[in-house]
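Fold and geometry: a report
Listed below, chain by chain, are the residues.
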Amino acid sequence: MVKITTICCIGAGYVGGPTMAMIALKCPHIKVTVVDISQPRIDAWNSDELPIYEPGLDEVVKACRGKNLFFSTDVAGAIRESQMIFVSVNTPTKKTGLGSGKAADLTYWESAARTIAAESKDNKIIVEKSTVPVRTAEAIEKVLKRNCSDASVQFDILSNPEFLAEGTAISDLTAPDRVLIGGKIENEAGQAAVDALAEVYANWVPKNQIITANLWSAELSKLAANAFLAQRISSINAMSALCEATGADVAQVAHSIGTDSRIGPKFLNASVGFGGSCFQKDILNLAYICECHGLKEVADYWYSVVGMNDYQKSRFVRRVVSAMFNTIRNKKIAMLGFAFKKDTGDTRETPAIDVGKGLIEDGAQLAIYDPQVKEDQIAYDMEGMMGNITCYKTAKEALQDAHAVTIMTEWDEFKSYDWKEIYDVMQKPAFVFDGRLILDHDHLREIGFIVYALGKPI
Ligand code: NAD
Ligand code: UGA
């Protein structure tokens, strides 16, 4: 088995950056180089202001950068000197052509594979870190083999999907529930490649938590994991609508069912909808694969998880409008939080985008405050709507003279605000729409707010 001392990762994003920083931290004997085509992103990784906000990441990067962790745009050079190459490029939903709006766009992956093929002069272990459709390794192997000028170069392809969640990336990477490695375990070279990667992780992950599988199982397990996680949220969100109609309380229902050890308590928080770059994209990708295999009923089942999420966002908008006497035209509505979850500045597919657009379509003036999201990101996400949006650097300014406040992200600081003071500076009647169920609703009602909380008795 080859002993790994040089690793590179193509793609310095939310996954490539933190995962490689963790490998560098735990494996001081391995030189890790993270490469990207984006010069600004690499510059940021080499600066004091990293390109992503992630608790604990700064410390890990600072401990290794310049020692055994390097960030560079020299993709070709890093490929040439590395024994093991992770590919962690983006795999978004296709926007045009066959499978548009559903299938994964593998353009970036294929381009990375072509560069690997062109630059490789000796054997390489290629690790799929990106989330990809099942059987992508087969396609990538063809691209690699047929584009490498030296026929003696051997490529061993592994699937090593990443399960970290943003906001908790460092703790997830430090103590993962499991590490999954898929490879061609039926042949000797494939098994040796799996063993080589397993040995890297064994520097800090207990061996019984390093699971091996065949390539296709590993690729599909990643899509399945995200689909199951998202399905739980859509299920509890579906319950939240029924709770509001019947007087049941979704938090009590979640607690009651979560104590059944077969169901478990995690991932049962009703919300204004799940966001993030992956749940929707991966479910659509999974459903599309099902469609391609003629499994229409299976595809429809998974599409309904996304459909429920869309329903939850539009239901929230309708609730705001109807509660505020069916008119929000020119009313200042404060949006606390814009990121798709707390402890990240990431806004990809954040429910705040769809809710914000819905409110603006009804004429609202949005006042947005998020502790981590910058104004230019909001302007990018809300393109064409900035005439109806003002971004604020403090919640206090956003709330001044507002008619209503909507909680879009569960940032801890929102819970510690003095809500009496906030009430005093808002227009009356003052409304709170809690899309994350983080506030003390009884206390808010005592103060005088009209409160709407998802899935709670009104
Ligand atoms: P990202 O967009 O943050 O980063 C991808 C990076 O790849 C970008 O910086 C881009 O410039 C770079 N890139 C694209 N093509 C390249 C090329 N040919 N050569 C060099 N660099 C190239 O994406 P991400 O959030 O890190 O996600 C990466 C993959 O990991 C996706 O498949 C995603 O589904 C999966 N994933 C993401 C998360 C998450 O929390 N974000 C978690 C698990 C898995
Ligand atoms: C998710 C998975 O949790 C990771 O395991 C996976 O690696 C990753 O996707 C990926 O493939 O990208 P992430 O999207 O970063 O991670 O964050 P989550 O904590 O899963 O939250 C996703 C969305 O669901 C957020 O908008 C969050 O607020 C929402 N959510 C989560 C709920 O509405 N309720 C819950 O109970 C949990």
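Residues numbered from 1 in each chain as written. Chains lettered and ligands numbered in written order. Predicted model: local features only at pLDDT ≥ 70, side-chain atom pairs only at ≥ 80, totals over all residues. Heavy atoms only, no water.

1. Observations concerning the packing of helix α9 (residues 215-246) against helix α12 (residues 296-323)
For the pair α9 and α12, the least separation of the axes is 9 Å and the interaxial angle reads 40°. As far as their axial angle goes, α12 and α9 are oblique. Crossing of α9 against α12: the hand is left-handed. Here A227, F228, A230, Q231, S234, N237, A238, S240, A241 and E244 of α9 come into contact with α12, specifically with Y301, W302, V305, M308, N309, Y311, Q312, R315 and R319. (Axes fitted to C-alpha atoms, helices over the stretch in contact; angles between N-to-C directions. Helix = DSSP H or I, 4+ residues; strand = E, 2+ residues; numbered from the N terminus. Parallel < 35°, antiparallel > 145°, perpendicular 65-115°, else oblique. Left-handed = near helix turned anticlockwise from the far one by under 90°. Contact = heavy atoms within 4.5 Å.)

2. As for the pattern of salt bridges
Side-chain pairing between opposite charges can occur once the charged atoms of the two side chains come close. Considering all chains together, one arrives at 25 salt bridges under this definition. For K342, the salt bridge identified is with D412, shortest N-O distance 3.2 Å. With K342 in the loop between β9 (332-336) and α13 (351-361) and D412 in the loop between β12 (404-407) and α16 (419-425), this residue pair connects regions lying 70 residues apart in the sequence. On the basis of relative accessible area, K342 is assigned to the partly exposed category, the value being 25%. Judged by its relative accessible area of 40%, D412 falls in the partly exposed class. (Salt bridge = Lys/Arg side-chain N within 4 Å of Asp/Glu carboxyl O. Buried < 20%, exposed > 50% of the residue type's maximum accessible area, 1.4 Å probe, protein only.)

3. As for the packing of aromatic side chains
Summed over the entire model, instances satisfying the criterion amount to 15 aromatic pairs. Plain terms: the ring middles of F431 and F433 are 5.9 Å apart, the flat faces sit at 10° to each other, and that makes the pair stacked. The class of F431 is buried, set by a relative accessible area of 3%. Cluster of aromatic residues (ring-pair linked, three or more members): Y369, F414, Y417, W419, Y423 and F449. Lying across the ring of F70, K31 places its NZ or CZ 5.4 Å from the centre. Over the ring of W216 we find R135; its NZ or CZ atom is 4.1 Å from the centre of that ring. (Phe/Tyr/Trp six-rings, centres within 6.5 Å; stacked < 30°, edge-to-face > 60°. Lys NZ or Arg CZ within 6 Å of the ring centre and 35° of its normal.)

4. Describing the environment of D282
Structurally, D282 can be placed in helix α11 (residues 279-292). A residue is classified by how much of its surface remains accessible, and D282, at 0% relative accessible area, is buried.

5. A few points about the site of ligand 2
Contacts to ligand 2 come from 20 residues, most closely from F163, L164, S271, C278 and R436. Between ligand 2 and R436, the relevant distance is 2.6 Å, taken from an oxygen atom to a side-chain nitrogen or oxygen of the residue. Computed on the free molecule, ligand 2 has an accessible area of 700 Å², of which 90% lies beneath the protein chains in the complex. Taken together, the residues that form the shell around ligand 2 break down as 11 nonpolar, 4 polar and 5 charged. (Near = heavy atom within 4 Å. Polar contact = N/O pair within 3.5 Å; in protein donor to acceptor, adjacent residues only side chain to side chain. Areas by Shrake-Rupley, 256 points an atom, 1.4 Å probe, with all protein chains shown as cover. Nonpolar A, V, L, I, M, F, W, Y, C, P; charged D, E, K, R; others polar.)

6. Points about the UniProt feature "active site" (unreviewed entry) in the protein
The UniProt entry lists C278 under the feature "active site" (unreviewed entry), expressed in the numbering used here. Counting through the fold element by element, C278 comes out in the loop between α10 (250-258) and α11. On the basis of relative accessible area, C278 is assigned to the partly exposed category, the value being 29%. Excluding its chain neighbours within four sequence positions, the residues that come into contact with C278 are N226 and I283. (UniProt positions renumbered as here; feature names shortened; annotations may be inferred.)

7. Structural notes on α11
Spanning 14 residues, α11 covers 20 Å between terminal C-alpha atoms, matching the ideal 20 Å at 1.5 Å per step. Considered for burial, the residues of α11 that qualify are F279, Q280, K281, D282, I283, L284, N285, L286, A287, Y288, I289 and C290. On its buried face, α11 sits against α9 and α12. Where α11 ends, the next residue or the one after it, G294, has phi of about 75°, a positive value. (Expected span 1.5 Å × (residues − 1).)

8. As for the sheet that holds strand β14 (residues 450-453)
Pairing in this open sheet of 6 strands is parallel, and the strands run β11-β10-β9-β12-β13-β14 from one edge to the other. Both edges of this open sheet fall to β11 (389-391) and β14, since each of them pairs with a single strand only. Recorded for the sheet is a direction-independent mean angle of 20° between the axes of neighbouring strands. When β9 meets strand β10 (residues 365-369), the two strands line up parallel, connected through 5 bridges. The partner of A334 across the bridge, within β10, is A367. Contacts between α13 and the sheet are confined to β9, β10 and β11, with β9 contributing the most and set at about 180° to the helix. (Pairing = 2+ DSSP bridges.)

9. Structural notes on the environment of A238
Tracing the backbone shows A238 in helix α9. Along the chain, A238 and D434 lie 196 residues apart, while their C-alpha atoms are 17 Å from each other.

10. Things to note about the pairing of strand β6 (residues 155-159)
Where burial is concerned, most of β6 is hidden: 5 out of the 5 residues are buried. Side chains F155, I157 and S159 of β6 all project onto a buried face; the interleaved residues D156 and L158 project onto the opposite face, where all are buried too. Here strand β5 (residues 124-128) runs beside β6; their pairing, made up of 5 bridges, is parallel. Bridge pairing in β6 places I126 opposite I157. What joins β5 to β6 is helix α6 (residues 136-147), and the crossover it makes is right-handed. (Right-handed = clockwise from strand over helix to strand, strands pointing away.)

11. Here's the deal with the site of ligand 1
In the vicinity of ligand 1, 25 residues are found, and the nearest of them are D36, R41, T91, E166 and K281. Between ligand 1 and the protein, one listed contact pairs an oxygen atom with a backbone N or O atom of Y14 at 3.0 Å. With respect to ligand 1, the side chain of R348 contributes an N or O atom lying 3.0 Å from an oxygen atom. About the coverage of ligand 1: the protein hides 92% of its 830 Å² of free accessible area. With 3 residues, helix α5 (residues 107-119) is the single largest residue contributor to the shell around ligand 1. For the shell around ligand 1, the per-class residue count stands at 9 nonpolar, 9 polar and 7 charged.

12. Some points on the nonpolar core
If you look at the biggest cluster of nonpolar residues, it comprises 56 residues, and the most contacted ones within it are L336, W419 and F449. The greatest single-element share of this core, amounting to 5 residues, is contributed by α13. In this structure, L336 is in contact with Y369, A395, L399, V405, T406, I407, M408, T409, F414, Y417 and W419, ignoring residues within four places of it in sequence. Membership of the second largest hydrophobic core comes to 45 residues, among which are V61, F86, L158 and W204. (Core = buried A, V, L, I, M, F, W, Y, C linked by side-chain atoms within 4.5 Å.)

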